[in-house]
Amino acid sequence: MFGDCNGESVSIPSCWKSQKSSEPAETQTDELVGVEKNEQTSESKYIEVQTDRIQEPTLSSNYDENALSTFLNRVGQKVIDEIDKGNRSKAFLSYQLPDEDSSSEVKIVLSLTRPNTAEKNEMKVNSLAWSCTGGVLALALGYPHHDDWCSHTGLIHFYNIAYSHNSTAEPSRVIETTSCVTCIAFHPYEPSFVACGLVRGNIAIWNLQNDGSETLISCNGHNDPVTDLSWVQLVGVARPNLVSSGQDGRLLIWNVSLLSGTCTIQENFGFNDLETDVEAGISCFAFCNRRPEQFVVALEGGALKFCNSSSSKLTTRISNTVAVRNPVVGDLVKHNGVVSCVAFSPYHEELLLTVGSDNRILVHSVVKMDVMREIQCDIDLTAAAWCLSQANLFIVCNNEAGIDVYDHKNGRKLAEFSTDVPAICGTSLNLKSPKYLAISDADGKAYILQMPQYFQTGQT
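Predicted model only: the values in this text are computed from it and were never measured.

### Overview of the overall build of the protein chain
Then comes step 1: The helix and strand tally for the protein chain stands at one helix and 31 strands.
Then comes step 2: Residues counted as buried form 44% of the 460 residues belonging to the protein chain.
Then comes step 3: For the protein chain, the share of sequence-separated contacts (at least 6 apart) that also reach a separation of at least 24 residues comes to 48%.
Then comes step 4: Of the roughly 28,400 Å² of accessible surface on the protein chain, a fraction of 47% belongs to carbon and sulfur atoms.

### Section: the pattern of salt bridges
Then comes step 1: Per the stated rule, a full pass over the model turns up seven salt bridges.
Then comes step 2: Between D404 and K413 there is a salt bridge whose closest N-O contact spans 3.8 Å.
Then comes step 3: On the basis of relative accessibility, which here comes to 9%, the residue D404 falls in the buried class.
Then comes step 4: According to the relative accessible area criterion, K413 is partly exposed, its value standing at 36%.
Then comes step 5: Linked through salt bridges whose partners overlap, the residues forming this network are D358, R360 and E374.

### A few points about the UniProt feature "repeat: WD" (unreviewed entry) in the protein chain
Then comes step 1: As recorded in UniProt, the feature "repeat: WD" (unreviewed entry) lies at residues 219-257.
Then comes step 2: Taken end to end, residues 219-257 comprises 0% helix and 59% strand; its first and last C-alpha atoms sit 12 Å apart.

### With respect to the side chain of S440
Then comes step 1: Tracing the backbone through its elements, the reader meets S440 in strand β30 (residues 436-441).
Then comes step 2: In contact with S440, not counting residues within four places along its chain, are V125, L128, A423, I424, C425, G426, K445 and A446.

### Details of the sheet that holds β30
Strands in a sheet are paired, the pairing made by backbone hydrogen bonds, and the direction either parallel or antiparallel.
Then comes step 1: Strand order in the open sheet formed by five strands is β5-β1-β31-β30-β29, and the pairing between neighbours is mixed. Here the strands that pair on one side only, and so sit at the sheet edges, are β5 (168-169) and β29 (424-429).
Then comes step 2: Judged from the five bridges that link them, β29 and β30 form a sheet pairing that is antiparallel. Counterpart to G426 in the pairing with β30 is S440.

### Digging into helix α1 (residues 65-88)
Then comes step 1: Over its 24 residues, α1 extends 34 Å from the first C-alpha to the last, a length consistent with the 34 Å expected when each residue adds 1.5 Å.
Then comes step 2: If you look at α1, its biggest bend is around 35°, right at V75.
Then comes step 3: The backbone nitrogen of N66 lies 3.1 Å from a side-chain oxygen of the residue at the head of α1, namely D64.

### Remarks on the nonpolar core
Then comes step 1: If you look at the biggest cluster of nonpolar residues, it comprises 24 residues, and the most contacted ones within it are I403, V405, L437, I439 and F455.
Then comes step 2: Residue assignment for this core shows that the elements contributing at least two residues are β25 (381-386), β26 (393-398), β27 (402-407), β28 (413-418), β29, β30 and β31 (446-450).
Then comes step 3: Discounting residues that sit within four places of it in the chain, F455 has contacts with Q390, L393, V405, L414, A415 and F417.

### Some remarks on the pairing of β26
On a regular strand, each side chain points to the face opposite its neighbour's, so the side chains alternate between the two faces of the sheet.
Then comes step 1: Across the six residues that make up β26, a large majority, six, are buried.
Then comes step 2: Taken together, the five bridges between β25 and β26 define a ladder with antiparallel strand orientation. Opposite A385, over in β26, you have I395 as the bridge partner.
Then comes step 3: Between the end of β25 and the start of β26, which pair antiparallel, lie six residues.
Then comes step 4: When β26 meets β27, the two strands line up antiparallel, connected through five bridges. Note that in β27 the partner of L393 across the bridge is D407.

Cut-offs and rules
Residues numbered from 1 in each chain as written. Predicted model: local features only at pLDDT ≥ 70, side-chain atom pairs only at ≥ 80, totals over all residues. Heavy atoms only, no water. Helix = DSSP H or I, 4+ residues; strand = E, 2+ residues; numbered from the N terminus. Buried < 20%, exposed > 50% of the residue type's maximum accessible area, 1.4 Å probe, protein only. Contact = heavy atoms within 4.5 Å. Areas by Shrake-Rupley, 256 points an atom, 1.4 Å probe, with all protein chains shown as cover. Salt bridge = Lys/Arg side-chain N within 4 Å of Asp/Glu carboxyl O. UniProt positions renumbered as here; feature names shortened; annotations may be inferred. Pairing = 2+ DSSP bridges. Expected span 1.5 Å × (residues − 1). Bend = angle between axes of the 7 residues up to and from the residue. Polar contact = N/O pair within 3.5 Å; in protein donor to acceptor, adjacent residues only side chain to side chain. Core = buried A, V, L, I, M, F, W, Y, C linked by side-chain atoms within 4.5 Å.

This is how it looks when you write it as C-alpha cells:
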C-alpha cells in the first residue's frame, strides 16, 4: 500500500536582484511674503478718589427710661398682635408679580373621560372635589331624576392629575355606591380619606389606600337626600368635623374617628321657627374660615339664615336621639329662587357671596346684615367662587359656558371668557394650584381649565 520513491527536483528562480529604475523630481512652493504692522494700545489715565472722613454722630443718652418703659408696655402688645395678625393673613399667599407673557385666556388643559357604556352615559356629574394635595380630582356621579326610591348604583371617579401628561385622562380608580352620589368632600389634610353623600340620605367614608369599594365608615342621619358636605375645623376640637345638610331641613355635625372607624352625631340643627312637621330643605351651606362658629345656610325658596353654633337654642324636637337646636341669629337678604352657591371670602371674614336661580349675585356683610353689592345678570348663573389670587375678585359661571370675573368693590366686570363646553353646571377650584378650575357640563362630562391668575382692576 505504501512504498519508497524518488521524485524529481524543482527549482524556483530568485527575483530580489532584479534592477529597479528611478528618476529625480523637485517641488517648489510659492514665495512667502511677510508684512510687518505695529499696534498701539489706547491712551489710559489714572484717577484717584478720596472719600471724606466719616463723622460718626454721637448719640445723646438724655431720655427718660421710665417714660420709655411705659410707652413700650402700652404699645408692645398691640404691635405683637398686629404682627401675628399679618402672619396669619392670606392676603399675599401665593402672590406673584403679573407676567406680561402669561396667557390671558381660559383654555381646557384636560378632558376627563369615563367608561363608555350606554347605561352609565345617562349619569351626570353632581359634584366635584379636589384632594388637599391638589393632585387628585373626584367626580360624584348619579342619575338626574328620581321618581321614587333610588335603586340606582352611583359612581365616584378619581383622576390622578399629577401623573397625567396627555390632553385626556381616564379614571385611576372607580368606586360603586349603593345609590346615586349627590356630593363629595376630601379630608382637609388626609388625602386618602373621602366622604360622599347619597340620595338615600346616608354618608359613606372611604380610605383610598384600601383596595375595593368597601366603605370605612357609614353614617345614617338624614331622611332625605344629602345636599351638601364639608369638613370643618371647629374651635376647641382636635380633628375636623364632617358637616352635612339634607333635603329634610337638617344640618348635622358629625364626630368622625378615622382610626376606630366610628361616626356619631355631635350637633343636630334645624332652621324652622314654627313647630311643623314640614321643613324647608337645605340647598347648601358655608362656614366662615376664621370664625368657624359662624355659618350660613341656604334653604329651599332662597332664604339665607345666618347662624352661630355657640348661641343655638334648644327646641322641643328630638331627631336621631340628638336634640334639635336652632342656631339662627338673623336673616340675610334672600334670593327669589334656588341658591346654588354660598361662599365666605377667604380674605374678608364678614363678606359672603351667594348666587341664585334669580340670576342675581349678592355680596353680603354678615356684620351689617345687609347686601354690600348686588349684580343682576341676563343669563342663568350656575356656580361661583372667590378668586384666591386677588382678594376683592370672584368668578361666576353661567349655563352658556361663560366665566365672568367681577370686582366686589365696584361691581364692575373685569373679564369674561367663553369655553367650548355645552353649559357649565358645577365647579371646583384647586386650592393648591388656583389656576386650575374643574368644571362639569350638562352632558355629564368634566374638564380642567387653566385660568389667568391676575386681572387689572384699574385701582392704584
